[in-house]
Amino acid sequence: MSARIDSERFVVVDHPLVQHKLHILRDESTGTNQFRQLVRELAIFEGYEAMRDLPLEDVEVTTPLETATCKRIAGKKLAVVPILRAGLGMVDGILDLVPSARVGHIGMFRDPQTHEPRPYYCKLPSDVENRIVLLVDPMLATGGSLIAAVEHLREAGVKDIRALTIVSAPEGVEKVLAADPDLRLYTCSLDRCLNENAYILPGLGDAGDRIFGTL
């Protein structure tokens with residue numbers, strides 16, 4: 001890991017099952033249905049890690065034998081916000097873990113010439129400022145789209161943002177962490193670098209095209 005990457009705010013979820021699923025995801029011969037399912041499964045693994053420290057409160061529960069003091073998640077809980085369109089592939093994995101989470105959407109596309117993000121849509125839960133937001137997008141390349149999405153969420157009043165990606169380039173990780181000192185970033189793999197066209201190497205191709213079968 002680069003010395004410029006803040007390891008306290010950057011977590012690589014490298015469980016053996018994650019690594020196994022990731023090798024299938026990278027394979028160019030993996031079909032659309034399997035690719036989509038793997039993205040969902042990897043989002044579950046990342047969700048577990050990203051929600052490890054959710055705030056808890058005591059609650060009394062009557063079991064078949066006695067009354068017990070148990071724990072439940074406190075407060076307004078969660079929102080999951082995908083960056084369209086590839087981020088949609090990770091939403092169901094998070095909802096498998098937290099079915100009550102609210103879902104927002106931020107639409108971004110990368111200009112093919114400048115590689116800069118271009119926003120075109122934003123719809124967030126009305127109380128998003130009171131929620132922990134899991135911002136999801138399978139690919140972190142240059143970091144432009146993720147930074148722009150984080151800025152949207154900060155402007156909406158969100159205090160706790162946790163970004164989840166599947167593969168990330170070091171250039172993008174450094175840029176994103178530098179842009180927002182409170183952001184926490186999770187990924188399944190820190191890849192080698194970006195190529196001259198700002199694609200991640202070794203990467204897995206265009207995640208949106210592979211999720212939706214639009215190759």
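Structure first, text after, so check above.
Residues numbered from 1 in each chain as written. Predicted model: local features only at pLDDT ≥ 70, side-chain atom pairs only at ≥ 80, totals over all residues. Heavy atoms only, no water.

Colleague: Help me get a handle on the pairing of strand S8 (residues 132-136), residues and values and all.
Modeller: The buried count for S8 comes to five of five residues, which makes it a mostly enclosed element. Side chains of S8 alternate between two faces, with Ile-132, Leu-134 and Val-136 and Val-133 and Leu-135 buried alike. In this structure, strand S4 (residues 78-84) lies alongside S8, joined through five bridges in parallel fashion. Bridge pairing links Leu-78 to Ile-132 in S8. (Buried < 20%, exposed > 50% of the residue type's maximum accessible area, 1.4 Å probe, protein only. Helix = DSSP H or I, 4+ residues; strand = E, 2+ residues; numbered from the N terminus. Pairing = 2+ DSSP bridges.)

Colleague: So what's going on with the environment of Lys-175? Which residues, and what values?
Modeller: Looking at the element boundaries, Lys-175 is found in helix H5 (residues 170-179). The sequence separation of Lys-175 and His-23 amounts to 152 residues, and the corresponding C-alpha distance is 26 Å. Not counting chain neighbours up to four residues away, the residues in contact with Lys-175 comprise Thr-142 and Ile-147. (Contact = heavy atoms within 4.5 Å.)

Colleague: Tell me about the sheet that holds strand S9 (residues 139-140), residues and numbers included.
Modeller: Overall, parallel pairing links the three strands, which are arranged S9-S11-S13 in an open sheet. A single partner strand is all that each edge strand has here, and the edge strands are S9 and strand S13 (189-190). Note: strand S11 (residues 167-168) against S13, two bridges, orientation parallel. From the neighbouring strand, Val-167 faces S13, where its bridge partner is Ser-189.

Colleague: Lay out the packing of helix H2 (residues 32-50) against helix H3 (residues 88-97) in plain terms, naming residues and giving numbers.
Modeller: Contact geometry of H2 with H3 gives a least axis separation of 7 Å together with a crossing angle of 50 degrees. The orientation of H2 relative to H3 falls into the category oblique. Note that H2 runs across H3; the crossing there is right-handed. Residue-level inspection shows Val-39, Arg-40, Ala-43, Ile-44, Glu-46, Gly-47 and Tyr-48 of H2 in contact with H3, the latter providing Gly-89, Met-90, Asp-92, Gly-93, Ile-94, Asp-96 and Leu-97. Taken together, the residues that form the contact of H2 with H3 break down as seven nonpolar, three polar and four charged. (Axes fitted to C-alpha atoms, helices over the stretch in contact; angles between N-to-C directions. Parallel < 35°, antiparallel > 145°, perpendicular 65-115°, else oblique. Left-handed = near helix turned anticlockwise from the far one by under 90°. Nonpolar A, V, L, I, M, F, W, Y, C, P; charged D, E, K, R; others polar.)

Colleague: So what's going on with a nonpolar patch on the surface? Residues and values would help.
Modeller: Where nonpolar side chains cluster on the molecular surface, the patch consists of Phe-109, Tyr-120 and Tyr-121 and spans about 340 Å² of accessible area. Residue position: Tyr-121 is located in strand S7 (residues 117-123). In this structure Tyr-121 comes out as partly exposed when scored by relative accessible area, which is 42%. (Patch = residues over 30% accessible without salt bridge, like charges linked within 9 Å, V, L, I, M, F, W, Y side chains within 5 Å. Areas by Shrake-Rupley, 256 points an atom, 1.4 Å probe, with all protein chains shown as cover. Salt bridge = Lys/Arg side-chain N within 4 Å of Asp/Glu carboxyl O.)

Colleague: Any chance you could break down the pairing of strand S10 (residues 161-164) for me, citing the residues and the numbers?
Modeller: Across the two faces of S10 the burial is the same, with Ile-161 and Ala-163 and Arg-162 and Leu-164 all buried. When S8 meets S10, the two strands line up parallel, connected through four bridges. Within the sheet, the bridge partner assigned to Leu-134 lies in S10 and is Arg-162. By the bridge criterion, three bridges tie S10 to strand S12 (residues 184-187) in an arrangement that is parallel. Across the sheet, residue Arg-162 finds its bridge partner in S12, namely Arg-184.

Colleague: Go over the nonpolar core with me, naming the residues and quoting the values.
Modeller: Judged by nonpolar contacts, the single largest core of 36 residues is most densely connected at Leu-25, Leu-78, Leu-164 and Ile-166. The set of elements that each furnish at least two residues to this core consists of helix H1 (16-26), H2, S4, H3, S8 and helix H6 (207-212). No other element matches H2, which puts six residues into this core. Here Leu-164 is in contact with Glu-46, Gly-47, Ala-50, Met-90, Ile-94, Leu-134, Leu-135, Val-136, Asp-137 and Tyr-186, once residues within four sequence places are set aside. (Core = buried A, V, L, I, M, F, W, Y, C linked by side-chain atoms within 4.5 Å.)

Colleague: Would you mind going over the side chain of Arg-162 in detail, with residue names and values included?
Modeller: Mapped onto the fold, Arg-162 is located in strand S10. Polar side-chain contacts of Arg-162 include one of 2.6 Å to the backbone oxygen of Ala-50. Beyond its immediate chain neighbours, meaning those up to four positions away, Arg-162 contacts Ala-50, Met-51, Asp-53, Leu-54, Ile-132, Val-133, Leu-134, Leu-135, Arg-184 and Tyr-186. (Polar contact = N/O pair within 3.5 Å; in protein donor to acceptor, adjacent residues only side chain to side chain.)

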